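Architecture at a glance
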2 protein chains.
Amino acid sequence: MVKNVKLPVYAVIMAGGGGTRFWPWSREKTPKQLLPIISSRTMIEETVSRLDPFVPPQRIFIVTSRNQITKIRQALPNLPSENFLVEPVGKNTAPCLGLAAFYLKRIDPEGVMLVLPADHFIGEQEKFLNTLQVAAAFASRENFLVTLGLKPTAPETGYGYIQKGELLRRVKGIEIFKAKAFREKPSPEIALAYLREGSYLWNSGMFVWRVEIFLKALEACLPELYQEMAILSKILGTSQERRILPKIYARCPAISVDYGVMEKASNVAMIQAHFSWDDVGSWSALWKISAKDQRDNVYLVKEGNGRGKILALDSTGCLIRAEKNLIALLGMKDTIVVEAGGSILVCPKNRSQEVRQILARIKEKGWKKYL
Amino acid sequence: MVKNVKLPVYAVIMAGGGGTRFWPWSREKTPKQLLPIISSRTMIEETVSRLDPFVPPQRIFIVTSRNQITKIRQALPNLPSENFLVEPVGKNTAPCLGLAAFYLKRIDPEGVMLVLPADHFIGEQEKFLNTLQVAAAFASRENFLVTLGLKPTAPETGYGYIQKGELLRRVKGIEIFKAKAFREKPSPEIALAYLREGSYLWNSGMFVWRVEIFLKALEACLPELYQEMAILSKILGTSQERRILPKIYARCPAISVDYGVMEKASNVAMIQAHFSWDDVGSWSALWKISAKDQRDNVYLVKEGNGRGKILALDSTGCLIRAEKNLIALLGMKDTIVVEAGGSILVCPKNRSQEVRQILARIKEKGWKKYL
């Protein structure tokens, strides 16, 4: 069992994503992290509870957006109210983590910061916490930005890849490498080559570092952003915060921490994780990780009201969600049929990542209530 | 234009079918003839109004079942209330037409009886009425049971076929043949052979005959049924009718007029009709006869409440119906997606005739409200 070690570890959960890929279930005001997609709890609840007992609630921080804060607070009643950081506007992950780092710096500049997306699937909690523990111990002593990499199990084109460099450390069977190169989402051919070559890991978007080390890297790699954010040191927790934060964000570039910091920094390490992981980026990804019937169908029925029902006759490889209706499939193959909030999506499983096209069309039509 | 000729012509519209093939739109208490499937009016309204001006409302009779009579009356407020005949139980078409014939015999034994299903599609009203007029004129003078045949336009396996015999009459370019042989629904190979051979017409299930000629044929071909039904002569319109009709029906065999009478009788003629016709026996048949967009999609949106909406992106050959939900298709091909009454059907167009399998499963599950 994982022990609650004495390291000063803080978790920062990024929960600002709008999320269109699970439409019609996800909506502007109810993005993926607020949906009970992989269990009967919302993904953000899963993400928080997965940290127990390694990180206690007092040291878990959430960065989110204005239009989600109310629902996020409701989903996480055990977290202290001051642990919810609200971005005035979404500017990708670099400003988000800058804000979190300056916030933590006031509490504990020597502290180790775990960065976790709110809406990923992680299969084995104990392996996950062991990995975080090893990464945190490493980051507490070494001046590295540590990223979590996962051994590819398929030639995925939806993930970024990181190439392993020299082995830095091996702890309890877990290896930490120098990160050699970051690669954007590859073509199918290149993804296959990465898979075969063996030295490329999936970039999970999870990071571990000391607060001060990250802020140094931010200053070196994104000096303008850092200068803007440095004002935070003076205003966080004061009466000026509410007024000035939007101004800082208005001037910040929208840039990801991968592109803006990790790819440029020289002190990046990668820990090779061994738990099963998926960013659950589409209905077909959800189908992949979900429990299936004998014919490979996944059934999701809204809990509570008891009105949603599903029948799948002579159908295989489908994902079906029912909320208020009886959904009856006959002779369908590899198809997504999802009912949610007065909308029904029907598309082939291998095209479910194109759902945003539907949202674009809905916007054109002015049917706002369906967004 | 068709004139209202002086022939004593009576139309009998068979509207007793339960209808499962348009589930989930059709239900036990709202079968196909009560749905606005091919226009904004119900099919039975279309069927009645299509007879205008050839048959006035006073001479149009409806045979239906107990559980449909209320809705049928509501749909046809212009018909005299005594023109609705209610079967105590459905026993296929032979008893239905026996009842109608005995009813008409009291009014006009010399009258010509047109037999029409309530739920067929007919493309051109004027051609249709011309054909009925020619058939009625022929039947009024000749002792034939006249059936309406249609030149096949495809190797349909869902229809019965009738082979043409010798030419009996040609009137205004319309030909009447002796009927040579009745063929049940054929295999695809045989259907193709019929189509190529040229002498086989589709059996439309529409008939024209004098009341007395039909009753003679019924007596000769189905003597037991005739004996049971003959009691009707004495009780129709009396206080006994309500009590005795169910007893008669309980003893009647359930048999079709095609199988029980037309195939056995020697005095069967077939008029070759030239209007476009379809029995609209499945969602795919409805797709075939409906107006389509440029990508061959058919859209049906429930009128009135304005909540049903449809988006079809990169989809072809689909039929989509929306009632309360936004239904969004992406990348679908030849698929039926129908929302009605709290249920949603999704199936390939070429399997829409198997919808009754879903109903069987719903019955097993005891989900009665969806039937």
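Residues numbered from 1 in each chain as written. Chains lettered and ligands numbered in written order. Predicted model: local features only at pLDDT ≥ 70, side-chain atom pairs only at ≥ 80, totals over all residues.

Concerning the overall build of chain A
Secondary structure assignment for chain A yields 12 helices and 17 strands. Relative to its length of 371 residues, chain A is compact, with a C-alpha radius of gyration of 21 Å against a globular reference of 21 Å. Principal axes of the C-alpha set define a box for chain A whose edges measure 60 × 50 × 40 Å. Looking at chain A residue by residue over its 371 residues, the buried ones come to 46%. In chain A, 64% of the contacts between residues at least 6 apart in sequence involve partners at least 24 apart. (Helix = DSSP H or I, 4+ residues; strand = E, 2+ residues; numbered from the N terminus. Rg over C-alpha atoms; globule rule 2.2 N^0.38 Å. Buried ≥ 20, exposed ≤ 12 C-beta atoms within 10 Å, placed from the backbone. Contact = placed C-beta atoms within 7 Å.)

Things to note about helix α12 (residues 355-365) of chain A
Three or more residues of α12(A) are buried, namely V355(A), I358(A) and I362(A). Looking straight down α12(A), one finds that the buried residues subtend no more than 50° of arc, so they occupy a single side. Residues R356(A), A360(A), K363(A) and E364(A) are exposed on α12(A) and point more than 90 degrees away from its buried face. Contact partners of the buried residues in α12(A): β17 (343-348) of chain A together with β13 (309-313) and β15 (326-330) of chain B. (Arc of directions from axis to C-beta.)

Re the interface of chain B and chain A
Each partner contributes to the interface: chain B provides 28 residues, whereas chain A provides 28 residues. Elements that contribute at least two residues to the side of chain B that touches chain A include exactly β13, β15, β16 (335-340), β17 (343-348) and α12 (355-365) of chain B. A per-element tally of the side of chain B that touches chain A places β17(B) first, with 6 residues. Within the side of chain B that touches chain A, the residues separate by chemical class into 18 nonpolar, 5 polar and 5 charged. As judged from the 4 bridges shared by strand β15 (residues 326-330) of chain A and β17(B), these two strands associate in the parallel manner. When the bridges of β17(B) are listed, L326(A) appears paired with S343(B). (Nonpolar A, V, L, I, M, F, W, Y, C, P; charged D, E, K, R; others polar. Pairing = 2+ DSSP bridges.)

A look at the domain arrangement of chain A
All names here are of chain A. Under the domain assignment, chain A is made up of domain 1 (9-278) and domain 2 (290-370). Taken together, the contact between domain 1 and domain 2 spans 7 residues of the former and 12 residues of the latter. Looking at the side of domain 1 that touches domain 2, its residues break down into 3 nonpolar, 2 polar and 2 charged. (Domains from an automatic or database assignment.)

Observations regarding the relation of the copies chain B and chain A
Note on the chain copies: they are related by a rotation about an axis and a translation along it. Superposition record for chain B on chain A: RMSD 0.1 Å, screw rotation 180°, translation along axis 0.1 Å. Such a combination of rotation and displacement between the chain copies is what one expects of a two-fold axis. Nearest to the rotation axis, the C-alpha of V346(B) is located 4.3 Å from it, this being the minimum over chain B. Interface overlap between copies: 100% of the residues of chain B at the interface are likewise at the interface in chain A, consistent with a symmetric, same-surface contact. (Least-squares fit on C-alpha atoms with pLDDT ≥ 70 in both.)

Overview of the sheet that holds β13(B)
Pairing is mixed across the open sheet formed by 6 strands, whose spatial order is β12(A)-β14(A)-β16(A)-β17(A)-β15(B)-β13(B). Each edge of the open sheet carries a strand with a single partner, namely β12 (298-301) of chain A together with β13 of chain B. Neighbour-to-neighbour, the strand axes of this sheet turn through a mean angle of 10°, independent of strand direction. As judged from the 3 bridges shared by strand β14 (residues 319-322) of chain A and strand β16 (residues 335-340) of chain A, these two strands associate in the parallel manner. Bridging across to β16(A), R321(A) finds its partner in V338(A). (Axes fitted to C-alpha atoms, helices over the stretch in contact; angles between N-to-C directions.)

Things to note about the environment of A265(A)
Residues and elements named next belong to chain A. Mapped onto the elements, A265 comes out in the loop between α10 (257-262) and β10 (268-273). Along the sequence, A265 and L167 sit 98 residues apart, while their C-alpha atoms lie 18 Å from each other. Other than its neighbours up to four places away in sequence, A265 contacts L145, A217 and C221.

A few points about the pairing of strand β3 (residues 84-87) of chain B
As a general feature of sheets, a regular strand has side chains that alternate between the two faces. Residue and element names in this part refer to chain B. Burial along β3 is one-sided: L85 and E87 are buried, while F84 and V86, pointing the other way, are not. Direction of pairing for strand β2 (residues 60-65) relative to β3: parallel, over a ladder of 4 bridges. Paired with I62 across the bridge in β3 is F84. In the classification by handedness, the crossover that spans β2, the intervening helix α2 (residues 69-75) and the parallel β3 is right-handed. (Right-handed = clockwise from strand over helix to strand, strands pointing away.)

Structural notes on the sheet that holds strand β12 (residues 298-301) of chain B
Remark on secondary structure: sheet strands pair via backbone hydrogen bonds, oriented parallel or antiparallel. The strand order β13(A)-β15(A)-β17(B)-β16(B)-β14(B)-β12(B) describes an open sheet built from 6 strands, whose pairing is mixed. At either end of the open sheet lies a strand with only one pairing partner, and these are β13 (309-313) of chain A together with β12 of chain B. Taking the axes of each pair of neighbouring strands and ignoring which way they run, one obtains an average angle of 10° across the sheet. Taken strand by strand, α12(B) contacts β13 and β15 of chain A together with β17 of chain B, and its axis lies near 130° from that of β13(A).

Quick look at the nonpolar core
Core analysis: the biggest nonpolar cluster contains 247 residues, and V12(A), I13(A), L114(A), V12(B), I13(B), L114(B) and L329(B) have the highest contact counts within it. In this view, L114(A) contacts V9(A), Y10(A), A11(A), V12(A), V55(A), L132(A), A136(A) and V208(A); residues no more than four positions away in its chain are not counted. (Core = buried A, V, L, I, M, F, W, Y, C linked by C-beta atoms within 7 Å.)

Some remarks on unusual backbone geometry
Residue and element names in this part refer to chain A. Of note, the bond from W23 into P24 is cis; its omega dihedral lies within 30 degrees of zero at 5°. For P24, the location among the structural elements is in the loop between β1 (9-15) and α1 (43-49). D52 connects to P53 through a cis peptide bond whose omega is 10°. Along the chain, the position of P53 falls in the loop between α1 and β2 (60-65). The backbone of K172 shows a phi angle near 50°, a positive value even though the residue is not glycine. Its location among the elements puts K172 in the loop between β7 (161-171) and β8 (174-183).

Focus on the environment of L245(A)
Residues and elements named next belong to chain A. Structurally, L245 is set in helix α9 (residues 241-251). Residue classification places L245 among the buried positions, given that 20 C-beta atoms sit within 10 Å. Taking C-alpha positions, L245 is 37 Å from F177, a pair spaced 68 residues apart along the chain.

Describing the environment of K151(B)
Residues and elements named next belong to chain B. Tracing the backbone through its elements, the reader meets K151 in the loop between β6 (145-150) and β7 (161-171). Along the primary structure K151 and L201 are separated by 50 residues, whereas in three dimensions their C-alpha atoms are 4.9 Å apart. Filtering out sequence-adjacent residues up to four positions away, K151 remains in contact with L201 and Q272.

Section: the pairing of β6(B)
All names here are of chain B. Counting buried positions over the 6 residues of β6 gives 6, a clear majority of the element. Residues L145, T147 and G149 line one face of β6 and the alternating positions V146, L148 and L150 line the opposite face, and both faces are buried. Two elements, β6 and strand β10 (residues 268-273), share 6 bridges in a ladder whose sense is parallel. Within the sheet, the bridge partner assigned to L150 lies in β10 and is A273. Of the strand pairs in this sheet, β6 and strand β9 (residues 200-210) are connected by 4 bridges, and their pairing is antiparallel. Paired with G149 across the two strands is N203, which belongs to β9.

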